[in-house]
Amino acid sequence: MILHLKQSVTAEQAAKLAVEHKAFHVISNNTQVLITGSGVKEVPAGLDAFTDQSWVFPNDMQLSARSYRSETREVRIGNVTVGGNTGNTIIISGPCSVESEEQIRESAALLKANGLTSLRGGCYKPRTSPYSFQGMGLDGLKLLAKMREEFGFTVVTEARDATHIDEIIEHADVIQVGAKAMYDQGILRACAKTQKTVLIKRGFGTTLQEFVQAAEFVLAGGNENVLLCERGIRTFETGTRFTLDLCGVEWLKHHTNLPVVLDPSHAMGYAYGVAGLTRACVALGVDGLLIEVHPNPKVAKSDASQQLNHAEFEQLLKTIQPIASSVGYQIV
Ligand code: PEP
Ligand code: MN
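This is a predicted model, so every value here is computed, not measured. Note that residues are indexed from 1 along each chain, following the sequence as it is written. Written order determines the labels here, with chains lettered from A and ligands numbered from 1. Only residues with pLDDT of 70 or above have their local features reported here, since the model is predicted, and side-chain atom pairs are shown and tallied only from 80 upward, although totals for entire chains, interfaces and linings are computed over all residues. Excluding hydrogens and water, the side-chain figures rest on all heavy atoms present in the structure.

## Regarding the overall build of the protein
Here is the rule we go by: Labels follow the DSSP assignment, with helices taken as runs of H or I lasting at least four residues and strands as runs of E lasting at least two, numbered in each case from the N terminus. Radius of gyration here is computed from C-alpha atoms only, and the compact-globule reference equals 2.2 Å multiplied by the residue count raised to the power 0.38. Remark: exposure states derive from per-residue accessible area (1.4 Å probe, protein chains only) relative to the maximum for the residue type, with buried under 20%, exposed over 50%, and partly exposed in between. The contact definition used throughout considers only heavy atoms, calling two residues in contact when any of these lie within 4.5 Å. Counted as positive: Lys and Arg. Counted as negative: Asp and Glu. His and the chain ends are not counted at all. Where a charge lies is defined by one atom per residue type, namely NZ (Lys), CZ (Arg), CG (Asp) and CD (Glu).
Of regular secondary structure, the protein possesses 10 helices and 15 strands. What you see for the protein is a C-alpha radius of gyration of 20 Å, in line with the 20 Å of a compact globule of 332 residues. By principal-axis analysis of the C-alpha atoms, the protein measures approximately 65 × 40 × 35 Å. Within the protein, the fraction of its 332 residues that count as buried is 54%. Across the protein, the fraction of contacts at a sequence separation of at least 24, relative to all contacts at a separation of at least 6, is 66%. Taken as two groups, the 31 positive and 35 negative side-chain charges of the protein have centres that lie 2 Å from each other.

## Remarks on the pairing of strand 7 (residues 88-94)
For clarity, the cut-off: By the convention used here, strands pair only if DSSP detects at least 2 bridges between them. Crossover handedness is defined here as right-handed if the route from the first strand over the helix to the second strand goes clockwise, with the strands pointing away from the viewer.
By the criterion of burial, strand 7 is predominantly enclosed, with seven of the seven residues buried. Of the two faces of strand 7, the one holding N88, I90, I92 and G94 and the one holding T89, I91 and S93 are both buried throughout. Alignment of strand 7 against strand 15 (residues 330-331), held across two bridges, turns out to be parallel. Following the sheet pairing, T89 is matched in strand 15 by I331. Relative to strand 14 (residues 288-292), strand 7 is paired through five bridges, and the arrangement is parallel. Following the sheet pairing, I91 is matched in strand 14 by L289. Summarising the sheet, strand 7 and strand 8 (residues 118-120) pair through two bridges and their orientation is parallel. Of the residues in strand 8, the one forming a bridge with I92 is S118. In this fold, the crossover linking strand 7 to strand 8 by way of helix 2 (residues 101-113) has right-handed handedness.

## Focus on the environment of A108
You can see A108 is positioned in helix 2. Residue A108 is classed as buried on the basis of its relative accessible area of 0%. Spatially, the C-alpha atom of A108 lies 9.1 Å from that of S118, the residues being 10 residues apart in sequence. Once residues within four sequence positions are removed from consideration, A108 is found in contact with L119, M147, F151 and F153.

## Digging into the pattern of salt bridges
What counts, and what does not: Here a salt bridge means any side-chain nitrogen of Lys or Arg lying within 4 Å of a carboxyl oxygen belonging to Asp or Glu.
All chains considered together, the criterion is met by 14 salt bridges. Where E101 meets R105, a salt bridge forms, and the shortest distance between an N and an O atom there is 2.6 Å. Of this pair, E101 and R105 both sit in helix 2, four residues apart, roughly one helical turn. On the basis of relative accessible area, R105 is assigned to the partly exposed category, the value being 27%. E292 is the salt-bridge partner of R120, the closest N and O atoms lying 2.7 Å from each other. You can see R120 sitting in strand 8 and its partner E292 sitting in strand 14, a full 172 residues away along the chain.

## A short note on the nonpolar core
Threshold: Note on terminology: a nonpolar core comprises buried Ala, Val, Leu, Ile, Met, Phe, Trp, Tyr and Cys residues joined through side-chain atoms within 4.5 Å. Start and end positions for the domains come from either an automated domain assignment or a database one.
Counting residues in each nonpolar core, the largest one holds 75 residues, and the members touching the most others are I91, I200 and F313. Each of domain 1 (2-55) and domain 2 (74-331) gives at least three residues to this core. Among all residues touching F313, those that are not within four sequence positions of it are I91, S93, L110, L111, L116, I291, V293 and L308. Among the nonpolar cores identified, the runner-up in size contains 13 residues, and I77, I90, I92 and V261 belong to it.

## Some details on the site of ligand 1
Convention followed: Residues are labelled near a given molecule or strand when at least one of their non-hydrogen atoms is within 4 Å of it. Polar contacts, as counted here, are pairs of nitrogen or oxygen atoms within 3.5 Å of one another; within protein the pair requires one atom able to donate a hydrogen and one able to accept it, and residues that are adjacent in sequence qualify only if both atoms are side-chain atoms. Just so you know the grouping, Ala, Val, Leu, Ile, Met, Phe, Trp, Tyr, Cys and Pro go in nonpolar, Asp, Glu, Lys and Arg go in charged, and all remaining residues, Gly too, go in polar.
By nearness alone, every residue bordering ligand 1 is listed as C96, R120, K125, P126, E158, Q176, G178, A179, K201, R231, H266 and E292. H266 places a side-chain nitrogen or oxygen 3.0 Å from an oxygen atom of ligand 1. Its residues assigned to classes, the shell around ligand 1 shows three nonpolar, three polar and six charged.

## A short note on the coordination of the manganese ion (ligand 2)
Here is the rule: Note on donors: an N, O or S atom is included if it sits within 2.8 Å of the metal, or within 3.2 Å for Na, K and Ca, and water is never included, so sites can look incomplete.
Protein coordination at the manganese ion (ligand 2): the donors are C96 (SG), H266 (NE2), E292 (OE) and D303 (OD), at 2.1 to 2.3 Å from the metal. The motif formed by the donor residues of the manganese ion (ligand 2), counted along the single chain, is C-x169-H-x25-E-x10-D. Of this pair, C96 sits in the loop between strand 7 and helix 2 while H266 sits in helix 8 (residues 264-268), and the two are 170 residues apart along the sequence. The exposure classification of C96 matches that of H266, with both residues buried.

Written out as structure tokens, the structure is:
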């Protein structure tokens, strides 16, 4: 249950009530909010005098539920806001991994030339094998920060474990929680303690409900700046890397109030399909797209087969604005 406390209730009083009732306490739009488990169906005795609005939920999708907030939340990605009434579909792109200064600068220059503002590159890579390239770590983050400084970009990068969060907060703007990391409550709880935007990718064996509950960890912990990212789930099909769950995207848009970003690159796994799939994503009407692009995909140190080269990426960009416009969105 979510309870909005009366305006007369102070933050200190609300915090005390939260402890007494084993509830989460957040302050949202200057309102003191308490969140109990979804099993609570009636305003608990002792809280009714302090409460002026309450919501009951069938499960632990609460702060993220459309039935709690009918408008999609506005979330900032640097200077760009998505969600709300913005109609923005933001392109978040860059190479799978930061590999060298030369490489990331080429990527940055490509984005700049195409009027894009968000550069993404992984520095802590969650690889399936310990023998694969694991990412440049802090050196990579410093390169991203340099690009942010030089080009005025918003930088998106992933945390592989909770110990990376502080470094990422220092050097980047958006914390990506990867598909394999989204069950990691150490990461989720650390993300909840900051006000940085958090992009949570859906695990490839994760139900939509579990996915949204990962977001609830961040929201209930006090950070409302959360984006969901569908990046493909594992099905019986092996011809493509994953299966992009577009039905699930419509479910998320219908049932949740969180902006939704789609990642056609990881879903498809092969560059040949990324442009077509991106256009399908844009046609759904979504808040953002995550597209991997590399100056020379053949030599990429991770996800080589799925990254677009610069020419393919620019060609793709030329085709998506009309599709976005036809569903009331603009590419930013
Ligand atoms: C990535 O974004 O490069 C990545 C590793 O993605 P995912 O967590 O979706 O596998
Ligand atoms: Mn990748």
